Amino acid sequence: MIVLGIETSCDETASAVYDDGTLLSNVISSQEIHKKYGGVVPELASRAHQRLIVPVVEQSLRKAKLKKNQIEGISVTVGPGLVGSLLVGISFTKALALGLGISFIGVNHLEAHLWSWKIGNLSRGKPFIGLVISGGHCILTCVERFGKYQFLGSTKDDAPGEAFDKVAKLLNLGYPGGPVIDRISKKGNRNFVRFPRPGIKSNGYDFSFSGLKTAVLYYLRKHKKTYIEKHIADICASFQQSIIDVLIKKSFDAACSKRVDMIAVTGGVAANSSLQKAFRDRGEKEGIEIIIPEPVYCTDNAAMIAQLGCWKLRNGEKSDFSITALPSYPFPCSI
Ligand code: KG4
Ligand code: ZN
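What you see is a predicted model; the values in this text were computed from it and never measured. (Residues numbered from 1 in each chain as written. Chains lettered and ligands numbered in written order. Predicted model: local features only at pLDDT ≥ 70, side-chain atom pairs only at ≥ 80, totals over all residues. Heavy atoms only, no water.)

## Here we look at the coordination of the zinc ion (ligand 2)
His109 (NE2), His113 (NE2) and Asp300 (OD) make up the full set of protein donors to the zinc ion (ligand 2), lying at 2.0 to 2.1 Å. Each of the four donor atoms bound to the zinc ion (ligand 2) contributes to angles spanning 95 to 139°, and the resulting shape is irregular. Spacing between the donor residues of the zinc ion (ligand 2) along their common chain follows H-x3-H-x186-D. Of this pair, His109 sits in helix α3 (residues 109-114) while Asp300 sits in the loop between α10 (295-298) and α11 (303-314), and the two are 191 residues apart along the sequence. Of the two residues, His109 and Asp300, neither departs from the other in class, the shared state being buried. (Donors = N, O, S within 2.8 Å, 3.2 Å for Na, K, Ca; no water. Tetrahedral: all angles 85-135°; square planar, octahedral: opposite > 155°, others 65-115°. Helix = DSSP H or I, 4+ residues; strand = E, 2+ residues; numbered from the N terminus. Buried < 20%, exposed > 50% of the residue type's maximum accessible area, 1.4 Å probe, protein only.)

## Remarks on the sheet that holds strand β5 (residues 103-108)
As summarised here, the arrangement of the five strands in space is β3-β2-β1-β4-β5, forming an open sheet in which the pairing is mixed. Looking at strand neighbours, the two that pair on one side only are β3 (22-30) and β5, the edges of this open sheet. Strand-to-strand, the axes of this sheet are offset by a mean angle of 20°, without reference to chain direction. Summarising the sheet, strand β1 (residues 2-7) and strand β4 (residues 73-79) pair through four bridges and their orientation is parallel. From the neighbouring strand, Val3 faces β4, where its bridge partner is Gly73. The strands touched by helix α1 (residues 42-63) are β1, β2 (12-19) and β3; relative to β2, the strand with the most contacts, the crossing angle is about 25°. Along the sheet, helix α2 (residues 83-100) makes contact with β1, β4 and β5, crossing β4 at roughly 155°. (Pairing = 2+ DSSP bridges. Axes fitted to C-alpha atoms, helices over the stretch in contact; angles between N-to-C directions. Contact = heavy atoms within 4.5 Å.)

## Focus on the site of ligand 1
Looking at ligand 1, there are 21 residues lining it, with Gly135, Asp165, Gly178, Asp182 and Asp300 nearest. Measuring from an oxygen atom of ligand 1, one finds a backbone N or O atom of Gly161 at 3.1 Å. In this structure, an oxygen atom belonging to ligand 1 sits 2.9 Å away from a main-chain N or O atom of Asp300. For ligand 1, whose accessible area on its own is 560 Å², the fraction buried by protein is 89%. (Near = heavy atom within 4 Å. Polar contact = N/O pair within 3.5 Å; in protein donor to acceptor, adjacent residues only side chain to side chain. Areas by Shrake-Rupley, 256 points an atom, 1.4 Å probe, with all protein chains shown as cover.)

## Re the nonpolar core
Of all hydrophobic cores here, the largest spans 50 residues; its most connected members are Phe239, Leu247 and Phe279. For this core, the element with the highest residue contribution is helix α8 (residues 232-258), accounting for 12 residues. If we skip the residues at most four places from it in the chain, Phe279 touches Leu131, Leu247, Ile248, Ser251, Phe252, Ile263, Val265 and Ile290. The next biggest cluster of nonpolar side chains, apart from the first, holds 24 residues, and it includes Ile53, Ala64, Ile74 and Leu86. (Core = buried A, V, L, I, M, F, W, Y, C linked by side-chain atoms within 4.5 Å.)

That's the geometry; what it means functionally is another story.
Put into structure tokens, the structure is as follows:
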């Protein structure tokens, strides 16, 4: 089944074409405009989606070497995300589906992230711990199989990506903060400052990262500008290590207690190179398989939306024209 995926939940306008296990195209247009504001400006994001959606979808069809009347279904993100941005993708999808006379399905962005490691991965399914870490979310779940999810924990305040972005802002490193902190940290000493590891001693699976960001803020206030500039790589590496330590502890605890031997780490923060190494090293030691998608499928993309939609449409699920944006669409849950 040839499915067109549309993703407009935040600041990426993305479209992909997926045909039962084969990704035919994956086009992502990242909105550069937000960089100068140090974060996503919702109104500007909606306007940019409006401008970009038609050319991005056309490009994904061209790359897949398909005409639009060859598409058999459409999958679109309905939440969570920015309401104005989501509505652009949803309205576009409804209009296209109506014009072509085909089915469409609204999907949860976090469920799509959770399965993004399956893109191009033909391994057979088995139960796993899914850690979704992005700019807005941090979710730990035990996945028995597709559609059967046991919620374990989530962040009570900031998401890991949000912490990266806010700390990068404090250090004047620009937006988004994750990739730049990742790069700078490579030259730093991760043991230089002992920042807190929030919740690492508790047995629960919830997370909290806002205190860590505040600890970095207080540290910066306490030191001279020249000292901070000299040790910027050490500060970045130390902050990054705190996040990694907490994520590793909770994920491996969950794998042990649920007796599963695989952890899938997905979402934008999963693109972090030190985090990937830390998970793989620990996985090797404990005999737990670590699966992390290629960076392009970690950050927001429409391939994961097309894949999830294809599975659901194949299962006979579809949405009707009453669907609308669900900015706080929870996951895991069923509606
Ligand atoms: O999944 P995503 O593209 O969008 C959301 O659904 O939120 O995640 C974006 C987040 C941003 O906060 C960004 O700073 C972070 O992922 N990120 C990274 C890296 N690449 C992107 N964080 C740490 N290291 C990276 N290499
Ligand atoms: Zn995302």
